[in-house]
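Observations on the three-dimensional arrangement
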Amino acid sequence: MKIQVEIKELKEGKYVIVDDEPCTIKSISKSKPGKHGSAKARIDVIGLFDGQKRSIIGPVSDKIYVPVVERKNAQVLSISGEVAQLMDMGDFSTFEMKIPDEYKERINEGEEVSFLTAMGKLKFDLR
């Protein structure tokens, strides 16, 4: 799911869609309107799921899509190799996610973990 907002309404730390990838906004710089045009904004972002840096430049009055990012909790039902079977604590549906290398020591069977979901993609959100 995604919604459309104007660039001037965006804030650092929020989310935006760039190249069909949900991204976190790291910095926004806006220029003043000139004699022959409107104010421009430069937005530097990092991909939420791929970690790739991107930037977009455009008038502050342009519209851009913002993803609906949800933070949910799940219980780890089982772990087999690099894949964890999880049960969403909200709707009790089960699904599988690959465990990233940096989280292998922190995810154990029977524990609750949090994860992010946006545009049909999932990611562990362990802090």
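A brief structural summary.

1. Thoughts on the overall build of the protein
Check the secondary structure of the protein and you find zero helices and eleven strands. The C-alpha atoms of the protein give 18 Å as radius of gyration, which overshoots the globular expectation for 127 residues (14 Å, by more than 25%). Overall size of the protein, expressed as C-alpha extent along the three principal axes, is 65 × 30 × 20 Å. Considering the protein as a whole, with its 127 residues, one finds that 35% of them fall into the buried category. Split by element, the accessible area of the protein, about 8,000 Å² in all, is 47% carbon and sulfur.

2. Side note on a nonpolar patch on the surface
A contiguous nonpolar patch, built from M1, I3 and V68 and spanning about 310 Å² of accessible area, is present on the exposed surface. Along the chain, V68 falls in the loop between β6 (63–67) and β7 (70–80).

3. Let's talk about the side chain of D88
Tracing the backbone shows D88 in strand β8 (residues 83–88). Beyond its immediate chain neighbours, meaning those up to four positions away, D88 contacts K72, N73, A74, S93, F95 and F115.

4. Topic: the pairing of β8
Inspection of the sheet shows β7 paired to β8 by six bridges, in the antiparallel sense. Looking at the pairing, S78 lines up with Q85 of β8. Remark: two residues form the turn of the hairpin made by β7 and β8, two consecutive strands paired antiparallel; G81 in that turn has positive phi of roughly 70°. Judged from the five bridges that link them, β8 and strand β9 (residues 94–98) form a sheet pairing that is antiparallel.

5. Brief notes about the sheet that holds strand β2 (residues 15–18)
Sheet strands line up and pair through hydrogen bonds in the backbone, either parallel or antiparallel. The sheet built from four strands is open, its strands ordered β2-β3-β4-β5 with antiparallel pairing. Two strands lie at the open edges of the sheet, namely β2 and β5 (53–59), each paired on one side alone. Each neighbouring strand pair of the sheet contributes to a mean axis angle of 45°, computed without reference to strand direction. Strand direction decides the pairing type here: strand β3 (residues 21–30) and strand β4 (residues 40–47), joined by seven bridges, are antiparallel. Residue pairing in the sheet places S29 in a bridge with R42 of β4.

6. Details of the packing of aromatic side chains
Applying the stated criterion across every chain, the model contains one aromatic pair. Here the basic side chain of K2 rests over the ring of Y65, its NZ or CZ set 4.6 Å away from the ring centre.

7. Some thoughts on unusual backbone geometry
In this structure, D19 takes a positive phi of about 55° despite not being glycine. Within the secondary structure, D19 is located in the loop between β2 and β3. Taking relative accessible area as the criterion, D19 reaches 62% and is therefore assigned exposed. Positive phi, close to 60°, is recorded for D20, a residue that is not glycine. As for its placement among the helices and strands, D20 is situated in the loop between β2 and β3.

Calculation notes
- Residues numbered from 1 in each chain as written.
- Predicted model: local features only at pLDDT ≥ 70, side-chain atom pairs only at ≥ 80, totals over all residues.
- Heavy atoms only, no water.
- Helix = DSSP H or I, 4+ residues; strand = E, 2+ residues; numbered from the N terminus.
- Rg over C-alpha atoms; globule rule 2.2 N^0.38 Å.
- Buried < 20%, exposed > 50% of the residue type's maximum accessible area, 1.4 Å probe, protein only.
- Areas by Shrake-Rupley, 256 points an atom, 1.4 Å probe, with all protein chains shown as cover.
- Patch = residues over 30% accessible without salt bridge, like charges linked within 9 Å, V, L, I, M, F, W, Y side chains within 5 Å.
- Salt bridge = Lys/Arg side-chain N within 4 Å of Asp/Glu carboxyl O.
- Contact = heavy atoms within 4.5 Å.
- Pairing = 2+ DSSP bridges.
- Axes fitted to C-alpha atoms, helices over the stretch in contact; angles between N-to-C directions.
- Phe/Tyr/Trp six-rings, centres within 6.5 Å; stacked < 30°, edge-to-face > 60°.
- Lys NZ or Arg CZ within 6 Å of the ring centre and 35° of its normal.

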